[in-house]
Amino acid sequence: MQQRYCDCGFPVWVQYHLSETECRMIFWATAYRCGKRLRACPCCGRMLHIDELH
């Protein structure tokens, strides 16, 4: 997993799932001491996209 950051600064973990036909990314938040799958940043509400994370 890689740690990245939303534009607002919220830390997001990116987990990669690789197969022969695709690469999927699952975003996780652990800032609240519990893992949670994300689609949008819980801080600012922006939809998460790997190319827009820092």
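Note that the coordinates shown come from a computational prediction; the quantities given were computed from them, not determined experimentally.

Along the chain, the position of Met25 falls in strand 3 (residues 23–29). Under the relative-accessibility criterion, Met25 is labelled partly exposed at 31%. Placed 25 residues apart in sequence, Met25 and Ile50 show a C-alpha to C-alpha distance of 7.9 Å. Excluding anything up to four places from it in sequence, Met25 contacts Val14, Gln15, Tyr16 and Ile50.

This part takes up the pattern of salt bridges. The final tally for this structure, using the stated rule, is 2 salt bridges. Note that Arg46 and Asp7 form a salt bridge whose closest N and O atoms lie 2.3 Å from each other. Of the two residues, Arg46 is situated in the segment after strand 4 (36–38) and Asp7 in the loop between strand 1 (2–5) and strand 2 (11–18); the sequence distance between them amounts to 39 residues. In this structure, Glu22 engages Arg24 in a salt bridge whose closest nitrogen and oxygen atoms are separated by 4.0 Å.

Let us look at the pairing of strand 3. Bridge analysis of strand 2 against strand 3 gives 6 bridges, and the strand direction is antiparallel. Bridging across to strand 3, Leu18 finds its partner in Cys23. Once strand 2 ends, the chain turns through 4 residues before running back antiparallel as strand 3. Alignment of strand 3 against strand 4, held across 3 bridges, turns out to be antiparallel. Paired with Trp28 across the bridge in strand 4 is Arg37.

Calculation notes
Residues numbered from 1 in each chain as written. Predicted model: local features only at pLDDT ≥ 70, side-chain atom pairs only at ≥ 80, totals over all residues. Heavy atoms only, no water. Helix = DSSP H or I, 4+ residues; strand = E, 2+ residues; numbered from the N terminus. Buried < 20%, exposed > 50% of the residue type's maximum accessible area, 1.4 Å probe, protein only. Contact = heavy atoms within 4.5 Å. Salt bridge = Lys/Arg side-chain N within 4 Å of Asp/Glu carboxyl O. Pairing = 2+ DSSP bridges.

Bear in mind that shape data such as this cannot, by itself, settle questions of function.
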